[in-house]
2 protein chains.
Amino acid sequence: MNTEIPYKIYLSEEEMPKTWYNVRADMKNKPAPLLNPATRQPMTAAELAPVFCDELIQQELDDTTAYFEIPKEIRDFYKMYRPSPLVRAYCLEEKLKTPAKIYYKFEGNNTSGSHKLNSAIAQAYYAKKQGLKGVTTETGAGQWGTALSMACAYLGLDCKVYMVKCSYEQKPFRREVMRTYGANVTPSPSETTAVGRKILAEFPGTTGSLGCAISEAVEVATSSEGYRYVLGSVLNQVLLHQSVIGLEAKAALDKYGVKPDIIIGCAGGGSNLGGLISPFMGEKLRGEADYRFIAVEPASCPSFTRGKFAYDFCDTGMICPMSKMYTLGSGFIPAANHAGGLRYHGMSSTLSQLYHDGLMEATSVKQTEVFEAATEFARVEGILPAPESSHAIRVAIDEAIKCRETGEAKTILFGLTGTGYFDMKAYEQFNNGTMTDYIPTDEDLAKGFASIPQQ
Amino acid sequence: MNTEIPYKIYLSEEEMPKTWYNVRADMKNKPAPLLNPATRQPMTAAELAPVFCDELIQQELDDTTAYFEIPKEIRDFYKMYRPSPLVRAYCLEEKLKTPAKIYYKFEGNNTSGSHKLNSAIAQAYYAKKQGLKGVTTETGAGQWGTALSMACAYLGLDCKVYMVKCSYEQKPFRREVMRTYGANVTPSPSETTAVGRKILAEFPGTTGSLGCAISEAVEVATSSEGYRYVLGSVLNQVLLHQSVIGLEAKAALDKYGVKPDIIIGCAGGGSNLGGLISPFMGEKLRGEADYRFIAVEPASCPSFTRGKFAYDFCDTGMICPMSKMYTLGSGFIPAANHAGGLRYHGMSSTLSQLYHDGLMEATSVKQTEVFEAATEFARVEGILPAPESSHAIRVAIDEAIKCRETGEAKTILFGLTGTGYFDMKAYEQFNNGTMTDYIPTDEDLAKGFASIPQQ
């Protein structure tokens, strides 16, 4: 066992990033702008102002500034739960008998249970700075909602969360964590909004989707005085805030002179993957280094691997700005897959452009294979991973096994986005052997594609 | 805000303890020996051998060796989830407007959710070294059972867990975590043992107790080939292993020249409190420094503050060795208090002796006040604490408030033993305002005392 590199690398407070990195600044082909769904013209800051906080809009639209200073208040909050450890997976390597060197950046050591807190505190901070009363949002698995509740409790902001109904029912304790942090949580679709009522009338008994919960949260934000909507993924601003993951990971690796060959992350809307790869992708874009990037998505919701690259609605209600991205169509309702956070029909426009330009790869994996990897990982590395994170574990293990076969000692870095403590119903199904896989047929996909507007 | 001391102090791998500290070596009045319940004579190593692993028996009986080397295999496992951070509670201090300086040693950043893993890996290691097939144990809130399951999965040992029935029902997901780590989990009392059947016949509908679950686990261990019993608290060996908490905390404080005035820990069987205070108590016993130590127990199960200092049975079935300790009587069945891990009728004999000799204080707190403190803490420090840990938070906050009133800038250190992710039913009751307090009457206590054998 190579003990020169510690099991866990923690940066000191002085070594922690003081700026976020905006990967768009180094992209030759910029991600396409958001469009106004009514006019199909690029959204202006003024048009976005009723939905988003002003300073976040600036971050959203700025594709030339490479570095944004992290405000001191946010850096102080980061110190509460960051830096997150960069872990050398010595035990997993030994179990797999692989010559590969495996590292993971573990973002689960905070009560939200994931990396989501990195952007939640940033968005809540700018909302507070703007003098708002509160924010609204949607949440899938509940990690983003919990993160936002924590940030709002800390800053004294009101927080209204629309939680995808299937997660609300599968994870009742997530709701209680949010309530403990003072948030108001509603299962979506709900009767509290016009769009929710419309969807319930059209699809009674629906288990909901992120796209639908987004519509409800946006409706409440735009129709309530002193509220704005905040979003935990997909947006450029979120990737900007999440770059703290990649910046810390890179700083930790650089300290020990380690350069990864392959960087792997799970991809739902792209917040974790985008944050993790940003500074490495920057080097690749500037021609300073080369890396293989792999996005891992569930076979049940395969935006990258089976979706279309097109302008689409971000929400089911079609009230949000349109984004050019890999999409399954806003009308695609994924199966009640337990990896709730990866059930989004679309994808970050930045990551979509990078994928379209051949700068990163994507693959999809089946749920049961994901839980096999999760259990194997838990038993040797001690951490019980979230289903979402376990998508990345699956592919990291597969790549490490390839190294065993070829004898190559590649360095693999993956993002371990969070813990699975609130996903025990899914683990129970897996432990009982009753978990099933769902892969949409081409006909299922065609129904979703039909909802993508003509370009 | 004083930023000279970081929010979190992590030791490097080189700075992590290489030995455990045995506080008994420095005690003038040693804890009384374990007695054979049949003969009432001190238990010999040979008599203990059918119950416990050989090397652990040596640790249990040795009250003169101050330091035990931590085997390399255990230190490697510790590196997976340790060092745990020593956190400066800047945000809590600001919220309380106290001149006090508050630190906590946070043991919740691992999947067992608590400090229990520190002793679980040690006990599993010695069982493996002895060539055993597996181990049996009891668990209250489920943290110890989870910890032992993790350690056994890592080492490839079989693990049978008897879980106190009220916790088994309140925390079904704990069971799934243990199953994910390959453990066999049975609610206690059960029909699988003679002692379980006897208790069920006598008290149908009982919600169980740690004392009863211990009896079942011991019965199974002693009647199965290649099995031994392991225990997560109370025993001297457990305090020895848990001293890693105090040793790390002290090393972290020493790095910054900080000396605590008050050290606070929750107390069920004493594993966390004993581990946290050991090295500090050693200094006090050797006359090198002085500290105030406060044990915090639930008002519903007040072993220190309302119990008797006497030889008593450690388990309801009266098959374990007898221990001299503060006790409510093995016949005391505590109310279905949510702080499951603190529902034990007895207490570590080492801590009992220290308390008896006036070297530490004890206080009891009510459950609703504990959850008030837990919620306040969660909102400013980000961590959702376990109910057990929150007993210590309650008293730490109370002491910090006293400092605000007197103007004294005392330094307070407390043990934050774990997270409350599997305790959301209790938080839900608190959030809904339906949580109640239970304080046993003198008559309730008298019933328990009646089960203490004549001395």
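For the structure, check the block above.
Please read all numbers here as calculations on a predicted model, not as lab measurements. (Residues numbered from 1 in each chain as written. Chains lettered and ligands numbered in written order. Predicted model: local features only at pLDDT ≥ 70, side-chain atom pairs only at ≥ 80, totals over all residues. Heavy atoms only, no water.)

### Some points on the overall build of chain A
Operational definition: By definition, any uninterrupted DSSP run of H or I lasting at least four residues is a helix, any uninterrupted run of E lasting at least two residues is a strand, and each is numbered from the N terminus. The reference for a compact globule is 2.2 Å times residues^0.38; the radius of gyration itself is calculated from the C-alpha atoms. Each residue is assigned to one of three classes by its accessible area relative to the maximum for its type, calculated with a 1.4 Å probe on protein chains only: buried under 20%, partly exposed between the two thresholds, exposed over 50%. Note on contacts: a residue pair qualifies if any of its non-hydrogen atoms lie within 4.5 Å across the two residues. To measure how exposed things are, a 1.4 Å probe is used in the Shrake-Rupley method; for residues, cover is taken only from the protein chains shown.
What chain A contains, in helices and strands, is 18 helices and 15 strands. In terms of C-alpha radius of gyration, chain A reaches 20 Å, essentially the compact-globule figure of 23 Å for 455 residues. Taking the principal axes of the C-alpha coordinates as reference, chain A spans close to 60 × 50 × 45 Å. Looking at chain A as a whole, 67% of its 455 residues are labelled buried. A fraction of 77% describes how many contacts in chain A between residues 6 or more apart in sequence connect residues 24 or more apart. Counting only carbon and sulfur atoms, one obtains 50% of the accessible surface of chain A, whose full area is about 14400 Å².

### Observations concerning the pattern of salt bridges
Residues and elements named next belong to chain A. The criterion, for reference: Basic side-chain nitrogens of Lys or Arg form a salt bridge, by our definition, when they fall within 4 Å of a carboxyl oxygen of Asp or Glu.
Tallied over the entire structure, the rule returns 52 salt bridges over all chains. In this structure, arginine 88 and glutamate 93 form a salt bridge, with 2.6 Å as the shortest nitrogen-oxygen distance. Owing to a relative accessible area of 4%, arginine 88 belongs among the buried residues under this scheme. In this structure, lysine 402 and glutamate 399 form a salt bridge, with 3.0 Å as the shortest nitrogen-oxygen distance. Separated by 3 residues within a single helix, lysine 402 and glutamate 399 lie in helix 16 (residues 387–406), roughly one turn from each other. Salt bridges sharing common partners tie together Glu13, Lys72, Asp76 and Lys79.

### Regarding the sheet that holds strand 7 (residues 158–164) of chain B
Backbone hydrogen bonds hold the strands of a sheet together, and the pairing may be parallel or antiparallel. All names here are of chain B. Let me state the cut-off plainly: Note on pairing: two strands pair once DSSP finds at least 2 bridges between them. Axis geometry follows a simple rule: fit a line to the C-alpha atoms, using only the stretch in contact for helices, then measure angles between N-to-C directions, giving values from 0 to 180 degrees.
Reading across the sheet, the 4 strands line up as 8-7-6-9 and stay open at both edges, with parallel pairing between neighbours. Two strands bound the open sheet, and with one partner strand each, they are strand 8 (184–188) and strand 9 (227–229). Going across the sheet, the axis of each strand differs from the next one's by a mean of 20 degrees, ignoring polarity. Sheet topology places strand 7 next to strand 8; 5 bridges connect them, and they run parallel. In the sheet register, tyrosine 162 faces strand 8, and the bridge partner there is threonine 186.

### Quick notes on the environment of lysine 160 of chain A
Residues and elements named next belong to chain A. Assignment of secondary structure puts lysine 160 in strand 7 (residues 158–164). Its relative accessible area of 24% is what places lysine 160 among the partly exposed residues. Note: C-alpha distance between lysine 160 and valine 185 (25 residues apart in sequence) is 6.1 Å. Excluding anything up to four places from it in sequence, lysine 160 contacts Val135, Thr136, Thr137, Asn184, Val220 and Tyr227.

### Quick word on the side chain of serine 114 of chain A
Residues and elements named next belong to chain A. Definition in use: We call two N or O atoms a polar contact when they sit within 3.5 Å, provided that within protein one can donate a hydrogen and the other can accept it, with sequence-adjacent residues counted only if both atoms are side-chain atoms.
Structurally, the position occupied by serine 114 is in the loop between strand 5 (101–106) and helix 5 (117–129). Here the side chain of serine 114 touches lysine 116 through a polar contact of 3.0 Å, landing on its backbone nitrogen. Apart from the residues lying within four places of it in its own chain, the contact partners of serine 114 are Glu107, Gly108, Gln143, Thr417 and Gly418.

### Description of the interface of chain A and chain B
The condition that has to hold: We define buried area as the total accessible area lost by two parts upon association, computed with a 1.4 Å probe and summed across both.
Listed per partner, the contact involves 42 residues of chain A and 42 residues of chain B. Both faces combined, the contact of chain A with chain B buries some 4100 Å², and carbon together with sulfur accounts for 57% of it. For the pair chain A and chain B, the interface holds 2 salt bridges. Between glutamate 428 of chain B and arginine 175 of chain A there is a salt bridge, with its nearest N and O atoms 3.2 Å apart.

### Here we look at the packing of aromatic side chains
The following threshold applies: To pair, rings of Phe, Tyr and Trp, with the six-membered ring standing in for Trp, must have centres within 6.5 Å; the planes then decide the type, stacked if under 30 degrees apart, edge-to-face if over 60, and tilted in the middle. Note on geometry: a ring has a charge over it if NZ (lysine) or CZ (arginine) is within 6 Å of the ring centre and within 35 degrees of the ring normal.
By the definition in use, this model includes 41 aromatic pairs over all chains. Aromatic side chains phenylalanine 280 of chain B and tyrosine 291 of chain B sit 5.3 Å apart centroid to centroid with 80 degrees between the ring planes, which places their arrangement in the edge-to-face category. Residue phenylalanine 280 of chain B is found in helix 12 (residues 271–285), and its partner tyrosine 291 of chain B is found in the loop between helix 12 and strand 11 (292–298); the two are separated by 11 residues along the sequence. By the ring-pair criterion, three or more aromatic residues cluster together here, those being Phe77, Tyr78, Tyr81 and Tyr154 of chain A. Looking at lysine 259 of chain A, its charged tip hangs above the ring of tyrosine 291 of chain A, at a distance of 4.7 Å from the centre.

Treat this as a map of the structure, not an account of what it does.
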